[in-house]
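# Topology and contacts: notes
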Amino acid sequence: MPELPDVEGFRRLVAERACGATIVDVDVRDAKVLHRVSPEELGRALVGRRLRSAERQGKWLFVPTDGETLLVHFGMTGSLRWQPCDDAITARDRVLLLTDGGRLTYRDGRNLGTIAVANDVAEREAITGPLGPDALAVRGPELGALLRGSRRGVKVTLMDQTVVAGLGNMLTDEILWRARIDPARPCRSLDDAEVDELHGALRRVLREAVRAAHIPRGPSWLSGQRGVDDPTCPRCHRRLAWRRLAGRSSLWCPHDQRAPAPHPPTAAFAGRGSG
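Summary of the structure given here. (Residues numbered from 1 in each chain as written. Predicted model: local features only at pLDDT ≥ 70, side-chain atom pairs only at ≥ 80, totals over all residues. Heavy atoms only, no water.)

## Some thoughts on the environment of Q161
If you trace the backbone, Q161 turns up in the loop between α5 (154-159) and α6 (169-178). Each C-alpha atom, one on Q161 and one on H237, is 32 Å from the other, the two residues being 76 residues apart in sequence. In this structure Q161 touches K59, P130, L131, G132, G166 and L167, once residues within four positions along its chain are discounted. Side-chain polar atoms of Q161 contact the backbone oxygen of M159, separated by 3.0 Å. (Helix = DSSP H or I, 4+ residues; strand = E, 2+ residues; numbered from the N terminus. Contact = heavy atoms within 4.5 Å. Polar contact = N/O pair within 3.5 Å; in protein donor to acceptor, adjacent residues only side chain to side chain.)

Given below as structure tokens:
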């Protein structure tokens, strides 16, 4: 699934290749990806408009024109490509924006993405729903406050786009593994030092993944063990484990990501009820 690093890569593609191009035609090959707009309405909104530099919030890409703004969410398998206008069209190409400089193609194998247009910020937010701060910009104290405001587990909370925007299943597994935090830990059980370590891991993971424009799968990355028959921890080399959290498969190391031992009861508390 495209997560923040992938969408940031698509943002850079639009900024570097398509910015300034004028849309001369819109070809909707599958209207299932359109949201709140028909193929005809999409064409009327975009044809003749000049593409401006793209913006990103979490997993959403916003491409302003000198009229309306194009909104793109990539679902499970969506992507953007900049191609010559006469390039061959594949069965997975859903929406094509032909410009005076090339073709911006939205490709989606599973057809679960979203293409929409908005006139203003209010209309844009009505389409995206509420989004938390972008994961690439969230600061340590802000992250701590967001986590302490949740009664859920840390992984489920981090994946909630209304809390922090941009983190998906693979990124949260990677970040929590780097921070040595059990993904099922209740947010409110994290102390200040653990929140600091979590924020540092988030920054390091995102910095490397954004540079690559995808989540790396190298030997030092937990993500490199996905799809392996017998996955082992890149750090301690012991067997990794799978568990289901909020319906998602979570990969973690039971040895390195242990929950802290409960504090022993105080003498006063231990003595209650005795005698």
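Next comes the rest of the account.
## Topic: the layout of surface pockets
Estimates place the volume of the largest pocket at around 170 Å³. Along the walls of the largest pocket sit M1, P2, D6, F10, M76, T77, G78, S79, M170, H214, I215 and R217, which together make up its complete lining. At the level of elements, α1 (4-18) and β5 (78-83) are the ones that each hand at least two residues to the lining of the largest pocket. Looking at the lining of the largest pocket residue by residue, the class counts come to six nonpolar, four polar and two charged. (1 Å grid on protein atoms, 1.4 Å probe; cavity = no way out; pocket = protein on both sides within 12 Å on 5 of 7 lines; lining within 4 Å. Points joined across faces, edges and corners; volume = space filled by probe spheres on them. Nonpolar A, V, L, I, M, F, W, Y, C, P; charged D, E, K, R; others polar.)

## As for the pattern of salt bridges
Enumeration over the complete set of coordinates arrives at 20 salt bridges. In this structure, R180 and D256 form a salt bridge, with 3.7 Å as the shortest nitrogen-oxygen distance. Of this pair, R180 sits in the loop between α6 and α7 (192-212) while D256 is found in the loop between β10 (248-252) and α8 (267-271), placing the two residues 76 residues apart along the sequence. Judged by its relative accessible area of 44%, R180 falls in the partly exposed class. The partner of R185 in a salt bridge is E194, and the shortest N-O contact between them spans 3.0 Å. For R185, a relative accessible area of 4% puts it in the buried group. Sharing partners across several salt bridges, the network here consists of E8, R11, R12, R56 and D134. (Salt bridge = Lys/Arg side-chain N within 4 Å of Asp/Glu carboxyl O. Buried < 20%, exposed > 50% of the residue type's maximum accessible area, 1.4 Å probe, protein only.)

## Quick look at the packing of α6 against α7
Taken N-terminus to C-terminus, the directions of α6 and α7 make an angle of 130°; their axes are 8 Å apart at the nearest point. Considering their axes alone, α6 and α7 lie oblique with respect to each other. In the packing of α6 onto α7, the handedness of the crossing is right-handed. For the pair α6 and α7, the contacting residues are L171, E174, I175, L176 and R178 in the first and E197, L198, A201, L202, V205, L206 and E208 in the second. The residue inventory of the contact of α6 with α7, partitioned by class, reads eight nonpolar, no polar and four charged. (Axes fitted to C-alpha atoms, helices over the stretch in contact; angles between N-to-C directions. Parallel < 35°, antiparallel > 145°, perpendicular 65-115°, else oblique. Left-handed = near helix turned anticlockwise from the far one by under 90°.)

## Comments concerning the pairing of strand β3 (residues 60-64)
With five of five residues buried, β3 is to be regarded as a mostly interior element. Burial along β3 is two-sided: W60, F62 and P64 and L61 and V63, pointing in opposite directions, are all buried. The turn joining strand β2 (residues 55-57) and β3, which pair antiparallel and follow one another in sequence, is formed by two residues; a positive phi near 60° is taken by G58. Looking at chain direction, β3 and strand β4 (residues 69-73) are connected through five bridges and run antiparallel. Residue pairing for β4: F62 is matched across the bridge by L71. Linking two consecutive strands that pair antiparallel, namely β3 and β4, is a turn of four residues. (Pairing = 2+ DSSP bridges.)

## Observations concerning a positive patch on the surface
A contiguous patch of positive charge on the surface is contributed by R139, R203, R207 and R211. Structurally, R139 can be placed in the loop between α3 (121-128) and α4 (140-148). (Patch = residues over 30% accessible without salt bridge, like charges linked within 9 Å, V, L, I, M, F, W, Y side chains within 5 Å. Areas by Shrake-Rupley, 256 points an atom, 1.4 Å probe, with all protein chains shown as cover. Lys, Arg positive; Asp, Glu negative; His and termini not counted. Charge placed at Lys NZ, Arg CZ, Asp CG, Glu CD.)

## Details of the packing of aromatic side chains
Scanning the entire structure with this criterion turns up two aromatic pairs. Seen in terms of ring centroids, F10 and F74 are 4.6 Å apart; in terms of plane orientation they differ by 40°. Their pairing is tilted. Taken as a pair, F10 in helix α1 and F74 in the loop between β4 and β5 lie far apart in primary sequence, 64 residues in all. Of the residues examined, F10 reaches a relative accessible area of 14% and is grouped as buried. The buried category is assigned to F74, whose relative accessible area is 1%. Between the aromatic rings of F74 and Y106, the centroid separation amounts to 6.0 Å while the plane-to-plane angle is 45°, which identifies the pairing as tilted. (Phe/Tyr/Trp six-rings, centres within 6.5 Å; stacked < 30°, edge-to-face > 60°.)

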